[in-house]
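What follows is each chain in one-letter form.
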Amino acid sequence: MRAIHDKMSAGTTMARTAAPKVLFVASEIFPLAKTGGLADVCGALPQALAGRGIDVRMLMPGYTEALDRVVAAQVIADLGEILPGAPARIVSGWMPDSGLPVWLVDCPPLYRRRGSLYRDANGCDWPDNGLRFAVLNHAAARIASSGHVAGWCPDIVHAHDWHAGLLPLLLHRRGGERPKTVFTVHNMAFQGLFPLHEARALGLPPYAATLDGAEFYGRLSFLKAGIRFADVVTTVSRNYAREIGTPEFGCGMDGLIRARRGAVGIMNGIDEHVWNPATDDYLEQRYSRDNMLGKHACKVALQRQLGLDVDPAAPLAESVCRLTHQKMADVLLARLPDLLQRHPHLQMVVHGCGDAALEQGFTAMAAAFPGRMAAHIGYDESLAHRLHAGADILLHGARFEPCGLTQLYAMRYGAIPVVRRVGGLADSVIDVDVAGGEAAGFIGFVFDAPTGEALGAAVERCLAVYEGAPQTWVRFRRSAMSGDYGWQRSAAEYARVYAGVAPSLQGWDEVLEGYRDDALARAAS
Ligand code: ADP
Ligand code: GLC
C-alpha cells in the first residue's frame, strides 16, 4: 500500500477531533468495481482530498467483486430490512491501493449477482435497478444521521451521478441540522428513470413524485432528485457546466440547472500512480518523457499481440471507449475505411464494448483490413494501458463528453489525441496550432463538427505532422507528456465548494490552503 495509507491512518485519528468529514457515495469506485470514468474519479479524488487532511469515507454497493477486493472486510453495522426485501449491513474495509477507508452496503439479494453492475448477462438493465440504488441512498442517509454507524457523522455528503441522486432529497426532507449535500453530475444523459408509482416502494415521500420533486416527464428520475435537492451541484468540467444549461446538452434538465443558477464546473484529474508509463506494470517496457525507448518496445509488442504488421514507423491510432452514440463510434466506423485506404501505413486498434451493431461493424472492418486494423471487443483494463503506451494517436470523437479521462491518459502516455471540441475535451485539449509545441501538456488536434468529414480532416492534419515532420511530432509528444493531469488543483476546488456550503468548515485552513495557493498562482499568471 502506498504512503498515503500511513498518512491517512494518522489523518483519521486526527479527523475524530478536527478534520472535516466527507461521505463519498457512488455506484462504482476503482479498483473495487468499474465500468467507466465514474469509478476512476471516485477512486482518485478521495485520495487527493485525504491528502488535504479531509476525513473521507467512501460508500458503495457490496458487489461480489468489491467484497472480494476490499482489504480486511468486517461487518460494522446491521441496518435491518432497509426497504422491503432488502436486508442490509455495512461492511467496513480499506481500499487495496490507497488504503483509504471504504464502506460497502452488503445486501446479497441486490448486489451479489452474475452480470455487470447495471445489467444482466444478456445486457439488459436489471429490472430492479430502482430498488438496488434506492437501498444505497437509504443506507447513506442512515450513516448521515448523527453517528448512526461507527459513531461517524459526515459534515458533507458528496453524492455522484444518478445512482446516488436520491440522497440529497432524503437529507433535504430531514431539515434542521443535517450534513450538507454536494451532488456531482458525471453525465446528464444517464438519468435513473423509473416508473413513478415505484416512488413509495422506494421509501420516498409523496412530494418526490411531483413536478417540484423528482418527477420527470411522467417518470421518477434519481438524477433530477439530486439536481433539485442538493445544496450544491457540480459537474466534471467548466465547459460541460456551461453546456448543461442549454437545451442542446441539458437532456431536458437544462431548465432545472438554470433555475439553480448553474452547476460548478470542476475538471477531472487522473490518478497519477495508476496511469504512469514510468511505473506501469502492465507495459512491456516502462518509459518516461526523457527515455522513450520503452514506448517503441510497447508499440512493437502491441502490433505482435494484436496481429498487426510489425512496423515501428507506421502511425498507430487507437480508440478506447464505450462503443456508443455518445462517443461517435458510428462516425468513426463509417470514416475508417476511407482513412485506411488513403494512408497505406496507418494502423488502427479499436478497444471497447457497447452497441452490438457497432461491435460487429468494427469486427468486420478488422477482418477487411488484416494486418492494419484490430478490433478488441470487451472490457480489459490492462489492454487500455498497453494501448495508450503503444499507440501514437488517440481518436476520440464525442457528441457530448462531460469530461473524458481517456484523452488525459493518452497524453500522459505520449499518444496525441484527436478530439472534438465539446464538453471537457474542449477544456483539456488545445489544438496544436493554438498551443504551439512548447505547451506543458493538454495538446492535440481538435475538430468542431460531429461529422466524419471533420474527424477525417483532423486526422489528416495529424498524419501530415506524423509522416511529414517527425521532429515536430517528437516535440508535440514531449509536450503532451509534460502536462499536470493530477488531482491537486481540482481537489482544492472541491475543498472550496465544501467550505462554501458547510459553515463548520470555514476557516479550516488546511483544506483551503492549497486553494489559496492556486488562486494566487492563477492571479499571478
Ligand atoms: P466514460 O466514463 O464516459 O466511459 P471516460 O473517458 O471518463 O469515459 O472514462 C472511461 C474509462 O473507462 C477509462 O478509464 C477507460 O480506460 C475505461 N474504458 C473504456 N472502455 C474500456 C474497455 N473496453 N476496457 C477497459 N477500459 C475501458
Ligand atoms: C462520465 C462521462 C465522462 C467523465 C466521467 C467521469 O462517464 O461520460 O465524460 O469523464 O463520467 O467524470
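Positions within a chain are numbered from 1, following the residues in the order the chain's sequence is written. To label them, take the chains in the order written and letter them from A, then take the ligands in the order written and number them from 1. Owing to the predicted nature of the model, reporting of local features is limited to residues with pLDDT of at least 70; listing and counting of side-chain atom pairs is limited to 80 or more, with chain, interface and lining totals taken over all residues. The side-chain quantities take in all heavy atoms of the structure and omit both hydrogens and water.

Runs of H or I in DSSP of at least four residues are treated as helices and runs of E of at least two as strands, each being numbered from the N terminus. Scanning the protein from terminus to terminus reveals 20 helices and 19 strands. Note that the radius of gyration is over C-alpha atoms, with the globule rule given as 2.2 Å times the number of residues to the power 0.38. Taken over the C-alpha trace, the protein has a radius of gyration of 23 Å; the compact-globule value for 525 residues is 24 Å, and the two agree within 12%. Counting only C-alpha atoms, the protein reaches 65 × 50 × 45 Å along its principal axes. Out of the 525 residues in the protein, the part that is buried amounts to 60%. Nonlocal contacts in the protein, meaning residues at least 24 apart in sequence, comprise 71% of its contacts between residues at least 6 apart. When the accessible surface of the protein is totalled, it reaches about 20100 Å², and 52% of it is carbon and sulfur. Note on charges: Lys and Arg go in the positive column, Asp and Glu in the negative column, and His and the chain ends are not counted at all. Charge positions are represented by NZ for Lys, CZ for Arg, CG for Asp and CD for Glu. On the protein, the mean spot of the 51 positive side-chain charges and the mean spot of the 55 negative ones are 3 Å from each other. Remark: exposure states derive from per-residue accessible area (1.4 Å probe, protein chains only) relative to the maximum for the residue type, with buried under 20%, exposed over 50%, and partly exposed in between. We call two residues in contact whenever any of their non-hydrogen atoms come within 4.5 Å of each other. For the area figures, the Shrake-Rupley method with a 1.4 Å probe applies, and any residue is considered shielded solely by the protein chains shown.

The next subject is the nonpolar core. L59, M373 and Y498 are the most contacted members of the largest nonpolar core, which totals 176 residues. For this core, the element with the highest residue contribution is helix 2 (residues 37-51), accounting for nine residues. Here the limits of each domain have been adopted from an automatic or database domain assignment. Split by domain, the residues of this core number at least three in each of domain 1 (2-270 + 488-524) and domain 2 (293-481). Residues contacting Y498, with those up to four places away along its chain left out, are V22, F24, L49, I54, I156, H158, V182 and L505. Among buried residues, the Ala, Val, Leu, Ile, Met, Phe, Trp, Tyr and Cys ones that are joined through side-chain atoms within 4.5 Å form a nonpolar core.

Most of strand 5 (residues 101-106) sits out of view: six of its six residues are buried. What you see with strand 5 is no split at all: P101, W103 and V105 on one side and V102, L104 and D106 on the other are buried throughout. Two strands make a pair as long as DSSP finds a minimum of two bridges between them. One ladder, built from six bridges, connects strand 4 (residues 86-94) with strand 5; its direction is antiparallel. Note on strand 5: the bridge partner recorded for I90 is V105. With antiparallel pairing between neighbouring strands as the criterion, strand 4 and strand 5 make up a hairpin whose turn holds six residues, including G99 at a positive phi of roughly 75 degrees.

Turning our attention to the pairing of strand 4. Bridge analysis of strand 3 (residues 71-83) against strand 4 gives eight bridges, and the strand direction is antiparallel. Counterpart to V75 in the pairing with strand 4 is V91. Hairpin connection between strand 3 and strand 4: a loop of two residues separates the two successive antiparallel strands, and G85 in this loop has a positive phi of roughly 80 degrees.

Let us look at the environment of G53. Mapped onto the elements of the fold, G53 is located in the loop between helix 2 and strand 2 (55-61). Expressed as a C-alpha distance, the spacing of G53 and P20, which sit 33 residues apart in the sequence, is 7.9 Å.

Okay, the side chain of S237 next. Along the chain, the position of S237 falls in the loop between strand 11 (232-235) and helix 8 (238-243). Polar contacts here mean pairs of N or O atoms no more than 3.5 Å apart (in protein, one a potential hydrogen donor and the other a potential acceptor; neighbouring residues in sequence count only if both atoms are side-chain atoms). Polar side-chain contacts of S237 include one of 3.1 Å to the backbone nitrogen of Y240. Setting aside residues up to four positions removed in sequence, S237 forms contacts with G265, I266, M267, P402, G423, G424 and D427.

Considering the arrangement of structural elements, one finds A139 in helix 5 (residues 129-143). Measuring from C-alpha to C-alpha, the distance between A139 and R238 comes to 31 Å, with 99 residues separating the pair along the chain. Those residues in contact with A139 that sit more than four places away from it in its chain are L79, I82 and V105.

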